[in-house]
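Given next are the chains, with one letter for each unit.
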Amino acid sequence: MSRVLPAVDLRVPTHEDAFAWHRVFDHPDVMEFHGGAPAELSVYEELTARQRRHDAERGICLWTMTDGSREVIGFTGAQPWDRAWGPTGEIEIGWRLGRAYWGQGYATAAAFATLERVRAAGVTSVVAMVDARNERSIAVTRRLGMERSETFVTPTGRQGHCFRLAL
């Protein structure tokens, strides 16, 4: 990759990050592939609490992503895929950015940082589940060197691709 990626910092999410995630993801474009409508604050309060547990138990989680000025711009990280369909039990990497930060390389930079952290935690392979229409996230998986391995139909009837990468 010849593009210079922006600096990102990753940290375990705090309770206060629930408010930041709620604010930064409150845009229909951001939520297009995550149910369509912005989530309630309580969803992010539960999600940040779960990520703190994942970090304590596994050393991996969805980390809060900040830019060079320490502004919360989204999250990235890894956690077990816990749905009954798809790659159940495998470690999934993922990312979500506020709309104002799209197209600047943040997702790719954060995804590379995630791969370094999951390797350090002893994870030997990861998956990324991506809605088949989400061209931006599919492009990130390609930059990471991931290969599409399976296609699933989600319980909502959407097609999703499973990308894999051996670490």
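Residues numbered from 1 in each chain as written. Predicted model: local features only at pLDDT ≥ 70, side-chain atom pairs only at ≥ 80, totals over all residues. Heavy atoms only, no water.

As a further point, take the packing of helix H1 (residues 15–24) against helix H3 (residues 41–58). Viewed as axis vectors pointing N to C, H1 and H3 meet at an angle of 135 degrees, and their least axial separation amounts to 8 Å. On the basis of their axis angle, the class for H1 and H3 is oblique. Regarding H1 and H3, the two cross each other, and that crossing is right-handed. On the side of H1, the interface is formed by His15, Asp17, Ala18, Phe19, Trp21 and His22, while H3 contributes Leu41, Tyr44, Glu45, Leu47, Thr48 and Arg52. Looking at the contact of H1 with H3 residue by residue, the classes come out as 6 nonpolar, 3 polar and 3 charged. (Axes fitted to C-alpha atoms, helices over the stretch in contact; angles between N-to-C directions. Helix = DSSP H or I, 4+ residues; strand = E, 2+ residues; numbered from the N terminus. Parallel < 35°, antiparallel > 145°, perpendicular 65-115°, else oblique. Left-handed = near helix turned anticlockwise from the far one by under 90°. Contact = heavy atoms within 4.5 Å. Nonpolar A, V, L, I, M, F, W, Y, C, P; charged D, E, K, R; others polar.)

Where charged atoms from two side chains of opposite charge come close, those side chains can pair. Considering all chains together, one arrives at 10 salt bridges under this definition. The partner of Arg11 in a salt bridge is Asp17, and the shortest N-O contact between them spans 2.5 Å. Taking relative accessible area as the criterion, Asp17 reaches 4% and is therefore assigned buried. Connected through shared salt-bridge partners, Glu46, Arg50 and Arg53 make up one network. (Salt bridge = Lys/Arg side-chain N within 4 Å of Asp/Glu carboxyl O. Buried < 20%, exposed > 50% of the residue type's maximum accessible area, 1.4 Å probe, protein only.)

Time to look at unusual backbone geometry. A positive phi angle is found at Arg70, which is not glycine, with a value near 70 degrees. Within the element layout of this structure, Arg70 appears in the loop between strand S2 (62–66) and strand S3 (72–80).

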